[in-house]
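If you want the building blocks of each chain, they are given just below.
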Amino acid sequence: MNPEHVNPARPNPLHADPARPLPGTGDRAVVVTRISDTQWHAVQDDRVVGSGDASRRPDGRLFVSVDAWHDEVFDRVAAAMSADLPEPLHTLTDEADRDTTAAWQRAGFTTVRRERGYLLPTDPQATGLGAVRPPAGVTVLPAGQAQEGPLSALDRIVHAEVEAGPGWPAMPAQVLPCPAGTTVVDPARYAVALQDGEYVGLLRVAPLRRPRIGMLAVRADHRRRGIARVLLAHALESMHRAGTASAWADVAESNTAATALVEGIGARRAGATLELVRH
């Protein structure tokens, strides 16, 4: 949607006649139609002027998104999706995009979680991680060297601990539970910490334009020993040697330990994502 067209103070159009013309869209009616289980189109004069999508995550949460130029079309699509889909419905917005957040609030969504985005320097002189050494008995396997069987077993343990602890709704958007029967999708993306030969911690990097640290986790019975810090130091130094100046990480605002870790190495806040829900 185009933020310039959003006016949060105007009357709520969600219950307007779906066949009447919308202000700013000409004299032709805009009609919203569900074209599949997960897609909606807003059509005016045989032209698509907005769309909506829905996707169910492996943890069961149903996320929706709307793409529309005019705020009236956005509201019409959001209303149609809300009427067609079972609640609760979830969506994500950039905290800086206040107009889109306001549009979802008009549709009955409220903010339930805030996720901070960080830019992490990779230079050991900037992070102060150059002198970090693994605890006694701990070694790090670089990305691509972990055996798939033990890595998958560790991944299952980590996922089970998340489900039994904070739960997936408290995790960053990029950290998702795996579909039933699957664990590690690409072992080459993982660096692994071993304690006396046993896999106890992992760090996954997504190879995007700016590398994204997708997951950093240590088994519950091996925490508070500095293993997460060692894995992070290893991954960032590897990026630095490859010529990458910074990496990206998402941290749930409620995760004080992860926040302290990244801010302690000089990470810079670079935005935030809001999760909103309609019950």
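Coordinates for the structure precede this section.
If you're wondering where the values come from, they're calculated on a predicted model, not measured in any experiment.

Remarks on the packing of aromatic side chains
Argument step 1. The tally for this structure, following the rule as stated, stands at two aromatic pairs.
Argument step 2. Here phenylalanine 74 and tryptophan 104 contribute two aromatic rings whose centre-to-centre distance is 5.1 Å and whose plane-to-plane angle is 75°, an arrangement assigned as edge-to-face. Of the two residues, phenylalanine 74 sits in helix α1 (residues 71-84) while tryptophan 104 sits in helix α2 (residues 98-106), which places them 30 residues apart along the sequence. Like tryptophan 104, phenylalanine 74 is buried.
Argument step 3. On the basis of an interplanar angle of 65° and a centroid distance of 4.9 Å, the ring pair of tryptophan 104 and phenylalanine 109 is categorised as edge-to-face. The pair tryptophan 104 / phenylalanine 109 is uniform in exposure class, with both members buried.

Examining helix α6 (residues 256-263)
Argument step 1. Those residues of α6 that sit buried are Thr259, Leu261 and Val262. Along the long axis of α6, the arc covered by the buried residues comes to 160°, so they all point the same way. Away from its buried face, by an angle of more than 90 degrees, α6 presents the exposed residues Thr256, Ala257 and Ala260.
Argument step 2. Summarising the contacts, the buried residues of α6 are in contact with β6 (110-121), β10 (212-218), α5 (227-241) and β11 (246-252).

A look at the pattern of salt bridges
Argument step 1. The tally for this structure, following the rule as stated, stands at 15 salt bridges.
Argument step 2. The salt bridge involving glutamate 115 is made with arginine 113; its shortest N-O contact spans 3.1 Å.
Argument step 3. What makes arginine 113 buried here is its relative accessible area of 11%.
Argument step 4. Note that glutamate 198 and arginine 219 form a salt bridge whose closest N and O atoms lie 2.8 Å from each other. Residue glutamate 198 is found in strand β9 (residues 198-206), and its partner arginine 219 is found in the loop between β10 and α5; the two are separated by 21 residues along the sequence.
Argument step 5. Take glutamate 198: its relative accessible area is 38%, and that puts it in the partly exposed class.
Argument step 6. Classification of arginine 219 by relative accessible area gives buried; the value is 11%.
Argument step 7. A cluster of three or more residues bridged by salt bridges with shared partners is formed by Arg61, Arg113, Glu115 and Glu275.

Parameters and conventions
- Residues numbered from 1 in each chain as written.
- Predicted model: local features only at pLDDT ≥ 70, side-chain atom pairs only at ≥ 80, totals over all residues.
- Heavy atoms only, no water.
- Phe/Tyr/Trp six-rings, centres within 6.5 Å; stacked < 30°, edge-to-face > 60°.
- Helix = DSSP H or I, 4+ residues; strand = E, 2+ residues; numbered from the N terminus.
- Buried < 20%, exposed > 50% of the residue type's maximum accessible area, 1.4 Å probe, protein only.
- Arc of directions from axis to C-beta.
- Contact = heavy atoms within 4.5 Å.
- Salt bridge = Lys/Arg side-chain N within 4 Å of Asp/Glu carboxyl O.

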